[in-house]
Amino acid sequence: MVKVPKINASVQEQGTTIYWGDSAKNPKVMGRFGATRQMLPSLDKVSPPMQAAALAAEDRHFYHEAAISPTGIGRAVYNNLTGGDTQGGSTVTQQYVKNAYLEQERTFTRKFKEIFIAVKVNKQNSKDQILLDYLNTIYFGAPVKGNQGAFSVESAARIWFGTTAQKLTIPQAALLASNIKQPGYYTPLGKGQQHTDTLERYNWVLQGMRTMGKISDADVARYQNHLPSVRKSKGSAWQGQNGYILERVRQALLSMKTIDQTKIETGGLRVYTSWDPDLQQKAAAVVKQRLRGMPSDTRVGVVTIDAKTGEVKAAYGGKDFTKRSVDDAYFSTAQVGSSFKPFVLATALKQGISLKTTMDATNPAYINTSGDRVPRSDPSGHAFYNDEGNTNKVVNLVDATADSLNTVYVPLGFKAHWQNVLQVAEDAGLPKAALQRGHPGEGGFFLGQSDMRPLDLAGGYATLANDGTYIVPHSIRRVEDSKHKMLAEPSKSGKQVIPSEVIKDVQFAMQAVVKRGTGKNAQLANREVAGKTGTTNDNYAAWFSGFTPPTTGSKPKQYVTTVGMWRYVDQVTKGKHKHAGYYKKLQNVGGYGHINGGDLPARIWHDYMTQALDGTTTGSFPPPAYVGENKMFATPSPTATTPTPSPTPTCQEGQIPQLDHCKPSKTQDPTDPRGCIKHPNRPQCHSTGPTSPTPTGTCKPWDLNCSSPTPGSGGGGGGRNETQGRAARPFRE
């Protein structure tokens, strides 16, 4: 007696489907992992034309006959004895049994098992259920040779036509049903005899549908000899930006305890993400436009996080995953430079050092680990420089942040104690391992010696934007199994890690960066912006990170975006010219003498966020709280004088003597050091950001546009010379 065996495991395998996050009700499919089979729960998920076409092609008497066809069995026996096709005349039930329960060998034994099991399956299940199971397990192939084929009607609808089984039309259904006999052969893309065979088979299925009474004579007249269009692309779903996102999702799934690679490939998971296709496209378009004229080894990583939810909305990691799979948003790292200073400031504020605290900003500074200036000859001191040379001034912490003054931030970090800075940065979401690589305890730690991914820095800045509340950045909203049972859902709760009153002061200082400091190129028309530039020694990397206040409305969002840029030559592992990967300087490229965080990164941020926030209204940042005490550290040491200068290098074309610490060349026009008269279209000769607002007449304590007579007063220091237009490097060699 033949028993009904268990269904083959391979037949039950379903791939994982990844959905975009732009629509909660009708999410669009981003891509898939694993088996190209999606199981449908009921027959009403298959269009009536598709049901009829399958039966017209394979078993026109399905609903009116038993599980087996006696004439078909006789033909199969004869064919087996003569070496012919063993499958001729099999009913839909028999075909389902063969696929779902049996091995595929061509023997009498298998054929008779098929017959007996088919009879039992027919008794145990309704005809509708058998037809559904059949359509869920049949192989349809693909319309383009070499592409991955479909193992179910739902997958076939997607691969062949970019639709669902429920929406398949009469001609689409007839073409798919034609391929059950010989998967992938009957395609409109075929040539010569293949095209003739496709048209003949397709018309035959249409005639069968009419014979069964499922379509009319008018339908046949309308569709016969007119094959439907199919998806012609040989491209992979991993091309362009999609590949980076799919790989990020896969890695996120693997980090979950209940999910492994086998479950991803065969478990039929449904993964609902936060990725926004519109923001993704905008980020990629802006980077592409801004990188024109730059060397091909220029790398850019962009990450946007909604600070209110912790959801990653977009990330640019490269031009095309299929051509270069290194993800510069989620994988590559570079020193963050002065982008780290807001975390130093937050620590100082927590330790009771007010924004109005005044410090000596003169340059150079010899500073010991107590944060005190010492004579140059003192072995406990280490030299630190500002990018603009000797400022000869005393500043408050708002000015020091706006101008990214290293000679203030190194002693500030030591006075706040490096252990506290390390803890605040880690609490805000910056990775501990990366922070440790920045050598805590050294002065350079406070200036961004740590190398991080754009994702890491964006996560930390999201905490600064979200009133000091840290939410783990994530891009997966929920994971369901094939039966829609919830498997995983990330925690959306946040933890207050920095007092909100401290954050108000940090945000206030960061607004000064964009209003009148190193980040002016990031200004957005009619919107407040808080941000920070970062540039590393010798311009090996440049950064800008920033955010606006939350949007108004019932569902406020707050985009925090980090833009990182560097040059990196990938390693070559084969051939005569193999070499290790290495970084190159962002100097004398793209029309720039050198690129700082306030240059291209800030411009990319400006262009991208202008588009991202289009159609929204953003509110205002709260006024500063002015926590802590007004310390008076501004007592310059009389011996901390400028050392004997080393020989000054000659300026290269496009460099400016005052900014680049070089002497004019003999061919350089002293009246036009930037070369703007000769080359007016150079990036350094114009600014794309909005012009600075006109100073107001009445000053409020939080008004960044105001001038106030005394350094340290409510406006953040007035009567100042024009601030530098670029980020300070950690230290100058």
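Residues numbered from 1 in each chain as written. Predicted model: local features only at pLDDT ≥ 70, side-chain atom pairs only at ≥ 80, totals over all residues. Heavy atoms only, no water.

(A) Representation of the overall build of the chain. Each helix and strand counted, the chain has 22 helices and 21 strands in total. Buried residues in the chain amount to 54% of all 733 residues. Taking all contacts inside the chain whose residues are at least 6 apart in sequence as the whole, residues at least 24 apart take part in 69%. Total accessible area computed for the chain in this model is approximately 32,100 Å², and 51% of it derives from carbon and sulfur atoms. (Helix = DSSP H or I, 4+ residues; strand = E, 2+ residues; numbered from the N terminus. Buried < 20%, exposed > 50% of the residue type's maximum accessible area, 1.4 Å probe, protein only. Contact = heavy atoms within 4.5 Å. Areas by Shrake-Rupley, 256 points an atom, 1.4 Å probe, with all protein chains shown as cover.)

(B) Up close: the side chain of T469. Among the secondary structure elements, T469 is positioned in strand β12 (residues 469-470). Only 3.0 Å separates the side chain of T469 from the side chain of Q496, close enough to count as a polar contact. (Polar contact = N/O pair within 3.5 Å; in protein donor to acceptor, adjacent residues only side chain to side chain.)

(C) Representation of the side chain of D599. Mapping D599 onto the fold places it in the loop between β21 (592-594) and α21 (600-612). Despite being buried, D599 has no salt bridge partner; R603 is the closest side chain of opposite charge, sitting 5.0 Å away. The contacts of D599, once residues within four sequence positions are left out, are N521, Y592 and H594. (Lys, Arg positive; Asp, Glu negative; His and termini not counted. Salt bridge = Lys/Arg side-chain N within 4 Å of Asp/Glu carboxyl O.)

(D) Expanded view of the pairing of strand β1 (residues 16-19). Burial along β1 is two-sided: T16 and I18 facing one way and T17 and Y19 facing the other are all buried. Examined bridge by bridge, β1 and strand β2 (residues 29-33) share four bridges and lie antiparallel to one another. Within β2, the position partnered with I18 by the bridge is G31. (Pairing = 2+ DSSP bridges.)

(E) Up close: the sheet that holds strand β13 (residues 476-480). One open sheet accounts for five strands, arranged β2-β1-β3-β13-β14; its pairing is mixed. Both outer strands of the open sheet, β2 and β14 (486-488), are each paired with one neighbouring strand and no more. Adjacent strand axes in the sheet meet at a mean angle of 25° when their direction is disregarded. Alignment of strand β3 (residues 270-273) against β13, held across four bridges, turns out to be antiparallel. Across the sheet, the residue bridging to R270 is E480, located in β13. (Axes fitted to C-alpha atoms, helices over the stretch in contact; angles between N-to-C directions.)

(F) Geometry of the environment of F321. Here F321 shows up in the loop between β5 (311-316) and β6 (334-335). In this structure the C-alpha to C-alpha distance between F321 and L246, which are 75 residues apart in sequence, comes to 9.9 Å.

(G) Seen up close, the pattern of salt bridges. In total, this model carries 22 salt bridges according to the counting rule given. Two residues, R324 and D570, come together in a salt bridge whose shortest N-O distance is 2.6 Å. Of this pair, R324 sits in the loop between β5 and β6 while D570 sits in the loop between β18 (559-569) and β19 (582-584), and the two are 246 residues apart along the sequence. Note on R324: relative accessible area 16%, which makes it buried. Across the pair D360 and R373 runs a salt bridge whose closest N-O atoms are separated by 3.5 Å. With D360 in strand β7 (residues 358-360) and R373 in the loop between β8 (365-367) and β9 (382-384), this pair connects stretches of sequence that are 13 residues apart. Judged on exposure class, the residue D360 and its partner R373 are both buried. Through salt bridges with shared partners, one network takes in R299, R324, D328 and D570.

(H) Spotlight on the environment of G519. Mapped onto the elements, G519 comes out in the loop between α20 (500-516) and β16 (530-535). G519 sits in the buried class, given a relative accessible area of 0%. Once residues within four sequence positions are removed from consideration, G519 is found in contact with V513, V514, T533 and F544.

(I) Focus on the packing of aromatic side chains. Scanning the entire structure with this criterion turns up 19 aromatic pairs. With a centroid separation of 5.9 Å and 35° between ring planes, the pair formed by F340 and F343 is classed as tilted. Both residues of the pair, F340 and F343, count as buried. Members of the aromatic cluster, each reached through a chain of ring pairs, are F340, F343, F414, F445, F446 and Y461. (Phe/Tyr/Trp six-rings, centres within 6.5 Å; stacked < 30°, edge-to-face > 60°.)

(J) Inspection of the packing of helix α14 (residues 341-350) against helix α16 (residues 406-416) at higher detail. At their nearest, the axes of α14 and α16 sit 9 Å apart, and the two run at 45° to each other. When the interaxial angle is binned, α14 and α16 end up oblique. Here α14 runs over α16; the crossing is left-handed. Of the residues in α16, those touching α14 at K341, V344, L345, T347 and A348 are N406, Y409, L412, G413 and A416. Of the residues assigned to the contact of α14 with α16, the class counts are six nonpolar, three polar and one charged. (Parallel < 35°, antiparallel > 145°, perpendicular 65-115°, else oblique. Left-handed = near helix turned anticlockwise from the far one by under 90°. Nonpolar A, V, L, I, M, F, W, Y, C, P; charged D, E, K, R; others polar.)

(K) Quick look at the pairing of β18. Most of β18 is tucked away, with ten of its eleven residues classed as buried. Relative to β18, strand β4 (residues 298-306) runs antiparallel, the two being bridged by nine bridges. Bridge assignment links V302 to a residue of β18, and that residue is V563. Sheet topology note: the strand β17 (residues 541-547)/β18 ladder contains seven bridges and is antiparallel. What sits directly across from W543, in β18, is G564.

(L) Main features of unusual backbone geometry. For the peptide bond that leads from N363 to P364, omega is 0°, which places it in the cis range. Residue position: P364 is located in the loop between β7 and β8. Positive phi, close to 60°, is recorded for N539, a residue that is not glycine. Of note, N539 is situated in the loop between β16 and β17.

(M) Spatial organisation of helix α9 (residues 193-211). A rise of 1.5 Å per residue sets the reference length of α9, with its 19 residues, at 27 Å; its end C-alpha atoms lie 27 Å apart and thus fit the reference within 8%. Of all the residues in α9, the buried ones are T198, R201, Y202, N203, V205, L206, G208 and M209. The elements touched by buried residues of α9 are α2 (48-58), α8 (170-178) and α10 (217-223). Positioned one or two residues after α9, G213 has a phi angle of 80°, which is positive. (Expected span 1.5 Å × (residues − 1).)

(N) Structural context of the environment of Y608. Take Y608: it is sitting in helix α21. With 323 residues separating them in the primary sequence, Y608 and A285 have C-alpha atoms 8.6 Å apart. A polar contact is formed between the side chain of Y608 and the side chain of T304, at a distance of 2.8 Å.

(O) Structural view of the confidence of the model for the chain. A residue-level look at the chain finds 79% of positions with pLDDT of 70 or above and a mean pLDDT of 84. Confidence drops under pLDDT 50 across residues 84-88; counting only partners more than four residues distant or on other chains, this segment forms 17 contacts. In the model, residues 639-646 has pLDDT below 50 throughout and makes eleven contacts with residues more than four positions away in sequence or in other chains. (pLDDT = per-residue confidence, 0-100.)

(P) Representation of the packing of α2 against α9 within the structure. Between α2 and α9, the shortest axis-to-axis distance is 8 Å and the interhelical angle comes to 110°. Regarding the angle of α2 to α9, the classification is roughly perpendicular. Two secondary-structure elements touch here, α2 through P49, A52, A53, A56, A57 and E58 and α9 through R201, W204, V205, G208 and M209. Its residues placed into classes, the contact of α2 with α9 shows eight nonpolar, one polar and two charged.

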